[in-house]
Amino acid sequence: MPSFVAFLRLAALVAVAVAVPSPEPASGTETAKRATCTVNSVASAADLSDCTSVLIEAFTVPSGGNYHDCCKPQILSRTRSQSYVPFEAASGATVTMNGDITFAKTTAAGPLITFDTENILFNGGDRNINGNGALYWDGEGTNGGVAKPHPFVKFKGFGTFEDVTVLNSPAQAISVGTTGGTAIIQGVTVDNSAGDANGLGANTDGFDISASDVTVSKCVVKNQDDCVAINSGSSITIEDSTCSGGHGISIGSIATGKTVSGVKIARNTVTTGLYGLRIKVDADATDASVSNVIYEANKVSGITEYGVLITQSYPDNDSTPGTGAPISGISFTGGTTSVSVDSSAHTLVVDCGACSGTWDFSDLDATGGVGHIIAANKAVISGGTY
Ligand SMILES: *[C@@H]1O[C@H](CO)[C@@H](O)[C@H](O)[C@H]1NC(C)=O
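In the nomenclature of an unreviewed UniProt entry, the chain is known as endo-polygalacturonase of Mycena sanguinolenta. Check the Sequence similarities (unreviewed entry) section of the UniProt entry for the chain; it says "Belongs to the glycosyl hydrolase 28 family." In UniProt, the chain has this text filed under Catalytic activity (unreviewed entry): "(1,4-alpha-D-galacturonosyl)n+m + H2O = (1,4-alpha-D-galacturonosyl)n + (1,4-alpha-D-galacturonosyl)m."

Here you go:
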């Protein structure tokens with residue numbers, strides 16, 4: 001039965017081809033890696049650790065049960081790649097979106113999608129990662145009501161993350177927890193503006209950063225909470241970005257054990273919202289600090305409560321500050337930061353229990369509202385209009 005034997009042989013060959021990876025070529029190059037991998041489902045995103053190029057096509061992540069436990073789209077897991085052939089030796093993967101990723105309502109905890117690659121070039125192609133937030137929003141954010149997966153999107157590894165829209169996150173939108181190298185986040189939009197309707201969107205932070213060596217550049221955030229919140233890290237730049245509707249650009253809240261140092265906030269535009277620029281330190285924080293923050297040439301307008309708020313009373317705005325998490329080295333220099341506030345708002349409030357150094361505010365020009373309240377402890381504020 002020659003044809004049957006041939007069939008068996010073919011079947012065996014197929015089995016071998018499926019089961020065994022191609023041998024390394026003698027040259028020792030990395031051509032054994034799949035050149036381009038296509039993601040168009042949760043399953044196809046489950047294992048990308050040998051892909052140097054990933055093309056994401058449109059797909060929907062179903063609500064189904066605990067999909068997040070089995071196959072959360074963890075694009076190019078760095079941890080995982082360590083147990084494969086040395087992905088880290090390759091010079092980084094390119095991950096490109098050619099269609100939207102849409103999430104059905106789920107009871108899964110966040111993050112719902114994680115980008116975790118060493119030296120990634122992630123280009124969203126101006127496509128959407130859509131969390132369908134309206135299916136969850138109830139005005140209570142992460143403080144109650146419907147359980148909301150958060151954060152929605154996580155950036156890990158390091159590299160460049162660009163040109164994607166994170167649309168309608170259930171609560172906090174993007175968590176930045178990059179490590180091992182510089183992260184550049186540019187041209188990324190977080191659009192939760194639909195959550196403005198009836199006050200239903202809440203705790204919809206744009207970027208929550210707990211990482212060092214991060215630049216956020218030319219991003220847009222429309223939301224109902226912090227545009228950017230820097231919770232820990234050093235060497236962080238927020239530049240040329242636009243925030244509207246939310247709580248402005250924040251350092252903090254700073255909890256016990258958290259340090260933020262070396263932050264530059266430059267040429268951003270913040271419009272409409274409760275706060276413009278804020279440093280918020282938990283009143284009960286210890287073993288923590290904020291140091292060396294420079295504000296340069298920002299434009300802040302339409303603020304209804306606090307144009308600039310530097311407080312160690314958080315979660316209060318301005319009450320009895322703690323002393324366990326000092327603030328030092330705050331400046332408004334390098335170009336005018338203009339702040340214009342509504343009639344009942346404060347231009348500048350400083351509420352310090354442990355602040356020190358000379359704070360050069362000569363390029364702060366804050367106008368409108370009911371003026372300032374300054375309790376700067378040992379810090380000496382020089383210059384500026386407020
Ligand atoms: C801080 O001020 C904002 C704006 O007025 C207000 O909504 C919030 O309740 C205040 N926080 C506390 C703890 O009082």
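Here the narrative resumes.
Enquirer: Would you take a moment to explain the overall build of the chain for this structure?
Expert: Per the secondary structure count, the chain includes three helices and 29 strands. The burial tally for the chain puts 48% of its 386 residues in the buried class. Within the chain, contacts between residues separated by at least 24 positions form 69% of all contacts whose residues are at least 6 apart in sequence. By element, 52% of the accessible surface of the chain is carried by carbon and sulfur atoms, the whole surface being about 15500 Å².

Enquirer: Where do I start with the state of the cysteines in this structure?
Expert: Cysteine pairs can be linked by a disulfide, which is a covalent bond between their two sulfur atoms. Here the structure, examined in full by the defined rule, presents three disulfides. The disulfide partner of C37 is C51, and the gap between their sulfur atoms is 2.0 Å. Note on the C37 and C51 pair: the S-S dihedral is about -95 degrees, so by sign convention the disulfide is left-handed. One end of the pair, C37, is in strand 1 (residues 34–39); the other, C51, is in strand 2 (residues 51–56), with 14 residues separating them in the sequence. Like C37, the residue C51 is buried in the burial classification. If the cysteines joined by disulfides in the chain are listed in sequence order, their pairing comes out as 1-2, 3-4, 5-6.

Enquirer: When you look at the packing of aromatic side chains in this model, what are you seeing that I'm missing?
Expert: Given two aromatic rings, their pairing is described by the distance between the two centres and the angle made by the two planes. One pass over the full model with this rule turns up eight aromatic pairs. Pairing F155 with F161 gives two aromatic rings, centres 4.3 Å apart and planes at 15 degrees, and the pair type is stacked. Each member of the pair, F155 as well as F161, is classed as buried. Ring pairing ties together the aromatic residues F115, F122, F155 and F161, which thus form one cluster. The cationic tip of K105 hangs over the ring face of Y136; the distance from NZ or CZ to the ring centre is 5.9 Å. Here the guanidinium or amino end of R278 rests over the ring plane of Y275, the centre of that ring lying 3.6 Å away.

Enquirer: Sorry, what's going on with the UniProt feature "active site" (unreviewed entry) in the chain here?
Expert: Under the present numbering, the feature "active site" (unreviewed entry) in UniProt falls on H247. Structurally, H247 is set in the loop between strand 16 (242–244) and strand 17 (249–254). Judged by its relative accessible area of 16%, H247 is buried. Those residues in contact with H247 that sit more than four places away from it in its chain are Q224, D225, D226, L274, Y275, G276 and R278.

Enquirer: Looking at this model, I keep getting lost on the site of the ligand. Mind explaining?
Expert: Lining the immediate surroundings of the ligand are Y275, E305, Y306, P315, D316 and N317. Contact between the ligand and N317: an oxygen atom at 2.3 Å from a side-chain N or O atom of the residue. Taking 360 Å² as the accessible area of the ligand by itself, protein coverage stands at 51%. In the shell around the ligand, the residues fall into three nonpolar, one polar and two charged.

Enquirer: Hey, could you run me through the pairing of strand 12 (residues 207–210) in this one?
Expert: Consecutive side chains along a regular strand alternate between the two faces of the sheet. Pairing between strand 9 (residues 174–176) and strand 12: three bridges, direction parallel. Paired with V176 across the bridge in strand 12 is I209. Bridge count for strand 12 against strand 15 (residues 228–239) is four bridges, and the pairing is parallel. Bridging across to strand 15, F207 finds its partner in V228.

Enquirer: Hey, could you run me through the confidence of the model for the chain in this one?
Expert: In regions of low pLDDT, the predicted coordinates are not meant to be interpreted in detail. Put simply, the chain has an average pLDDT of 86, and 84% of its residues get 70 or more. Segment residues 1–31 is flagged for pLDDT under 50; beyond a separation of four residues in sequence, or across chains, it makes eight contacts in the model. Per-residue pLDDT stays below 50 along residues 65–91; that stretch engages in 69 contacts with residues further than four places along the chain or on separate chains.

Enquirer: Help me out: how do you make sense of the side chain of R278 in this one?
Expert: Position of R278 among the secondary structure elements: in strand 19 (residues 269–282). Taking relative accessible area as the criterion, R278 reaches 3% and is therefore assigned buried. Setting aside chain neighbours within four positions, we find R278 in contact with D226, H247, I249, S250, I251, Y295, L309 and Y314.

Enquirer: What exactly am I supposed to notice about the pattern of salt bridges here?
Expert: Side chains that differ in sign of charge can pair as their charged atoms come close. Evaluation of the coordinates by the stated rule reveals seven salt bridges. One salt bridge connects R267 with D240, and the closest N-O pair in it is separated by 2.9 Å. Taken together, the positions of R267 in the loop between strand 18 (259–266) and strand 19 and D240 in the loop between strand 15 and strand 16 put the pair 27 residues apart, joining distant regions of the chain. Assessed through its relative accessible area of 29%, D240 is described here as partly exposed. Via salt bridges that share partners, E239, D240, K264, R267 and E296 belong to a single interconnected network.

Enquirer: I'm lost on the environment of E305 in this one. Help?
Expert: Relative to the assigned elements, E305 resides in strand 21 (residues 299–314). Spatially, the C-alpha atom of E305 lies 7.0 Å from that of S344, the residues being 39 residues apart in sequence. In this view, E305 contacts L274, A345 and H346; residues no more than four positions away in its chain are not counted.

The rules behind these values
Residues numbered from 1 in each chain as written. Predicted model: local features only at pLDDT ≥ 70, side-chain atom pairs only at ≥ 80, totals over all residues. Heavy atoms only, no water. UniProt positions renumbered as here; feature names shortened; annotations may be inferred. Helix = DSSP H or I, 4+ residues; strand = E, 2+ residues; numbered from the N terminus. Buried < 20%, exposed > 50% of the residue type's maximum accessible area, 1.4 Å probe, protein only. Contact = heavy atoms within 4.5 Å. Areas by Shrake-Rupley, 256 points an atom, 1.4 Å probe, with all protein chains shown as cover. Disulfide = S-S within 2.5 Å. Phe/Tyr/Trp six-rings, centres within 6.5 Å; stacked < 30°, edge-to-face > 60°. Lys NZ or Arg CZ within 6 Å of the ring centre and 35° of its normal. Near = heavy atom within 4 Å. Polar contact = N/O pair within 3.5 Å; in protein donor to acceptor, adjacent residues only side chain to side chain. Nonpolar A, V, L, I, M, F, W, Y, C, P; charged D, E, K, R; others polar. Pairing = 2+ DSSP bridges. pLDDT = per-residue confidence, 0-100. Salt bridge = Lys/Arg side-chain N within 4 Å of Asp/Glu carboxyl O.

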